[in-house]
Amino acid sequence: MTAVQLPPVAPEVTATLVEDLSPRLRKRLDATVTKLGARPTHRDGDTVTIAVDDETELRLHAPGGVVATVDAITCGCLLAPACVHRAAAACAAPTADPAPEPADRPSRAVPEPASATDPGSASSPEMAGPAQRAAADALWSAGAAVLEAGVDGAGAVTQSTLLRAAHTARLRHLPRAAGAALSVVTLLRAARTGDPSYRTADLVTALAELLGTAHRVGTASGAELAAVRGAARRPYSPGGSLRLYGLFTEPVVTDSGHGGVRTWVAGSDGRLCTVGDVAPGGVGRALGVADRAVRLGDSALTHRELGRAGLAVSGATVSPDGRLGAGKGVKAVTARGAAWTEPPLAALWETPPSEQAARALRSASRYADPDGGGSDLLFLDVELLGAVRESGGTCLLARCEGGMWVRLTVADDDPALAHRDNLTLLAAAPGTRLRIIGRLVPALHPRLTLLACSHPTGEGTIDLGLDRLRRADLPDPAAPVHLAPLQPEGSGAHSPLYLLERRVEQTVPAGRAALGMLGDVTAETRRMRRAGLPTAAGLLTALCTSAAQRDRDLFGRLLPADTDGFATYWLAAARYTADVAESLCAAAWEPTQAR
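Below is a short write-up of the structure. (Residues numbered from 1 in each chain as written. Predicted model: local features only at pLDDT ≥ 70, side-chain atom pairs only at ≥ 80, totals over all residues. Heavy atoms only, no water.)

Let's shift gears to the sheet that holds strand 5 (residues 237–253). Strand order in the open sheet made by the 5 strands is 7-6-5-8-9, with antiparallel pairing throughout. Since the sheet does not close on itself, it has two edges, and those belong to strand 7 (272–280) and strand 9 (331–335), each with one partner. Pairwise comparison of adjacent strand axes, ignoring direction, gives a mean angle of 35° for this sheet. Two elements, strand 6 (residues 258–267) and strand 7, share 9 bridges in a ladder whose sense is antiparallel. (Pairing = 2+ DSSP bridges. Helix = DSSP H or I, 4+ residues; strand = E, 2+ residues; numbered from the N terminus. Axes fitted to C-alpha atoms, helices over the stretch in contact; angles between N-to-C directions.)

Shown next as structure tokens:
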């Protein structure tokens, strides 16, 4: 049998199967998950079969692509259905993201929802109801347990607690917090299996989002509470008739093996929208989809063509983040586009870089409320200065408005895409003036990933991930630009904020105990105070003190650690470092920072 990917399993199914295990079998669960991951599998229609051993098979039945019930996982061993294999298979499979269930549907271990007449119920617009607060408390406790154990200790049992809390939160109309919990589970599994795409910083962000959102459920009200609750599905609202002008098309390749493209367009009022086509397939699909017709009305334009043409759309639907819907009622016909130097597109380049960076930061903020709109794109007129080496590789240095230096980097290093080759060619043409579109990279100096630019000859535009420049496209090189050794720019260039950031990250792999063994951090806090970061110094002291604190009872026995207190300090430190880093990034784009 050849190995095939297991179908996604609904969170409540995994949680139920783990909860039904005896304490003895729970201790064997992680080892069994690892063992099943190495066993051969095969698919027959909607059923995936795992060969537990030479005589025993385990089956996951996934009609519609998702294992939605406990009975859909069956095992042929003698201990079934009370065996460890069924729970292990659910834990080894990806977690499904099911549609929200009605609040009055009974579910195991979930209290009945509060009455709609209760002034503190979930239906009240003023405050969260008792059922929602209880669900948020369960999410907080589950997230705090992950911090206590760290990745190494957050095995299948800890993950199942998160999945149960996520399922309960969905029933209580808290999809944002539930989604954060599922993200934590997915990242924990990636970390524990050695997935090369896993980054500790991503798990830090997901944990802080989970804990922060769970905490805010109990304190928010009105519009803030609505944002904290989140939306179960991306809402598309009627957009009426739109006149759209193509900007550029970018390839999209994800670590999960998906590929496709996203085409950016602007309305007559300058609002940015996107038309996307992303599905399993990787970089090969991204290159192929670029020349397929856009899925929008009756338009026959390909994505590449739309990036330089226009559309007239009636019956449009648009999500808060600018995605255009492709429903049956949408009508679209090809229309004339506009050059980047013509209205309405030219106006995108007229906003000062500092204002654009501030807007992009609001959109890209790690903990921004979802569906806030806007984008993280910047539109700049630059003069290329040449290639410079950094610790992480080579970037292209450019000068924009006010003499500010901006580092331009590749959006994707995959050799099948054109990003790297194009950047290398552009770096060989110092003095060239271009109109560019880039994506903000939060850093202590102005930095963008380069996505599109005007053609060096002045005719047309270049999608830098898809179109390949040739040396003949470049003007004759100007006199070499002599660059001084490149140093970080901005008010936070030498900020010791990283001293707190690294302690926040160190907690995640090994848990609270590892941070508690750090010992004296006086030298680090002194350095932060000297740099004008007294709050950071105080947070580091409190975090490390809380991590090391273990009280004893009257008989000298260790009492349980204060996991809630430690989680509170860790969350404060994580959110503080993110906020300060974003402030330093915004300051780096201010005109006073120009060289």
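What follows deals with the packing of aromatic side chains. Summed over the entire model, instances satisfying the criterion amount to 3 aromatic pairs. Between the aromatic rings of Phe248 and Trp264, the centroid separation amounts to 6.3 Å while the plane-to-plane angle is 10°, which identifies the pairing as stacked. Residue Phe248 is located in strand 5, and its partner Trp264 is located in strand 6; the two are separated by 16 residues in the primary sequence. Both residues of the pair, Phe248 and Trp264, belong to the buried class. Through pairs of rings, three or more aromatic residues link up here, namely Trp340, Trp349 and Phe379. (Phe/Tyr/Trp six-rings, centres within 6.5 Å; stacked < 30°, edge-to-face > 60°. Buried < 20%, exposed > 50% of the residue type's maximum accessible area, 1.4 Å probe, protein only.)

A few words now on the pattern of salt bridges. The tally for this structure, following the rule as stated, stands at 28 salt bridges. Arg176 is the salt-bridge partner of Glu209, the closest N and O atoms lying 2.7 Å from each other. Separated by 33 residues along the polypeptide, Glu209 in helix 7 (residues 200–217) and Arg176 in helix 6 (residues 175–192) bring together distant segments of the chain. There is no split in this pair, since Glu209 and Arg176 are both buried. Here Arg262 ties to Glu250 by a salt bridge, and the two come within 2.8 Å at their closest N and O atoms. Placement of the pair is Arg262 in strand 6 and Glu250 in strand 5, with a sequence separation of 12 residues. (Salt bridge = Lys/Arg side-chain N within 4 Å of Asp/Glu carboxyl O.)

What follows concerns the pairing of strand 12 (residues 405–410). The element strand 12 is extensively covered by neighbouring structure, given that 6 of its 6 residues are classed as buried. From the end of strand 11 (residues 393–399) to the start of strand 12, which pair antiparallel, there are 5 residues, and Gly402 there has a positive phi angle of about 80°.

So, on to the pairing of strand 1 (residues 41–44). As paired strands, strand 1 and strand 2 (residues 47–51) are joined by 4 bridges and run antiparallel to one another. Along strand 2, the bridge assignment pairs His42 with Thr49.

Turning our eyes to something else, we now look at the environment of Leu499. Turning to its location among the elements, Leu499 is positioned in helix 13 (residues 498–510). For the pair Leu499 and Glu524, spaced 25 residues apart in the sequence, the C-alpha separation amounts to 6.8 Å. Those residues in contact with Leu499 that sit more than four places away from it in its chain are Glu524, Arg527 and Met528. (Contact = heavy atoms within 4.5 Å.)

So, about the packing of helix 4 (residues 130–153) against helix 6. It is the contact of helix 4 with helix 6, at a shortest axis distance of 12 Å, that shows an interaxial angle of 10°. Classed by the angle they form, the pair helix 4 and helix 6 counts as roughly parallel. Here Leu139, Val146, Val151, Asp152 and Gly153 of helix 4 come into contact with helix 6, specifically with Ala177, Ala178, Ala181, Leu188, Ala191 and Arg192. (Parallel < 35°, antiparallel > 145°, perpendicular 65-115°, else oblique.)

In space, the 4 strands of this open sheet follow the order 1-2-3-4, with antiparallel pairing throughout. Strands at the two margins of the open sheet, each flanked by one partner only, are strand 1 and strand 4 (73–75). In this sheet, adjacent strand axes meet at a mean angle of 20° when their direction is disregarded. Bridge count between strand 3 (residues 57–61) and strand 4: 3 bridges; the pairing is antiparallel. Paired with Leu58 across the bridge in strand 4 is Cys75. Its contacts with the sheet place helix 3 (residues 84–92) against strand 2, strand 3 and strand 4, and it is angled at close to 140° to strand 4.

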